[in-house]
Amino acid sequence: VQLQAFGGGLVQAVGSLRLSCTASESIFCMGWYRQRPGNEREFLAAITINRSHNTADAVKGRFTISRDNAKNTVSLQMNNLTPEDTAVYYCAADSKLRIGLELQEYWGHGTHVTVSS
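Note that the coordinates shown come from a computational prediction; the quantities given were computed from them, not determined experimentally.

*Asks:* Residues and numbers for the pairing of strand 4 (residues 29–35), please.
*Replies:* Most of strand 4 sits out of view: 6 of its 7 residues are buried. Pairing analysis gives 7 bridges linking strand 4 to strand 5 (residues 41–48), with the strands arranged antiparallel. The partner of Cys29 across the bridge, within strand 5, is Thr48. Turn length for the strand 4-strand 5 hairpin, with the two strands adjacent in sequence and antiparallel, is 5 residues, and the turn residue Gly38 shows positive phi of about 80°.

What follows is the structure in structure tokens.
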């Protein structure tokens, strides 16, 4: 499964950005991680094909994940962004159900998000 993400870029603080990721085929679970400078990669959100979802507490209320099964696409709507959200954002997918909807099998290339103050 190949994943292609798009939608990153530069945004001002308190602004919004929407990331999208398209898979080359239908897959059970899709979602997003990010890696901030100097930090490890962290889980953000994931959603299954039947739209069960999990969102990390750190971004809950600001980030919303959604999915279009017909297009094999997952999106992450990010609102009220702060400079601390500056990171490389990765789309990921998995054919298996894992604890917390963690994703392990497939990874896309990262897309950069920079939030200016």
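*Asks:* Requested: an account of the nonpolar core, with residues and values cited.
*Replies:* Formed by 34 residues in total, the largest nonpolar core has its most connected members in Trp32, Leu76 and Met78. Excluding its chain neighbours within four sequence positions, the residues that come into contact with Met78 are Gly15, Ser16, Leu17, Leu19, Arg62, Phe63, Tyr89 and Val113.

*Asks:* Can you tell me about the state of the cysteines, naming the residues and giving the values?
*Replies:* Overall, the coordinates contain 1 disulfide when judged by the stated rule. Free cysteine: Cys29, not disulfide-bonded; nearest cysteine sulfur from Cys91 at 10 Å. With a relative accessible area of 1%, Cys29 lands in the buried category.

Cut-off values and rules
- Residues numbered from 1 in each chain as written.
- Predicted model: local features only at pLDDT ≥ 70, side-chain atom pairs only at ≥ 80, totals over all residues.
- Heavy atoms only, no water.
- Buried < 20%, exposed > 50% of the residue type's maximum accessible area, 1.4 Å probe, protein only.
- Helix = DSSP H or I, 4+ residues; strand = E, 2+ residues; numbered from the N terminus.
- Pairing = 2+ DSSP bridges.
- Core = buried A, V, L, I, M, F, W, Y, C linked by side-chain atoms within 4.5 Å.
- Contact = heavy atoms within 4.5 Å.
- Disulfide = S-S within 2.5 Å.

So, to be careful, I would describe these as geometric facts and stop short of saying anything about function.
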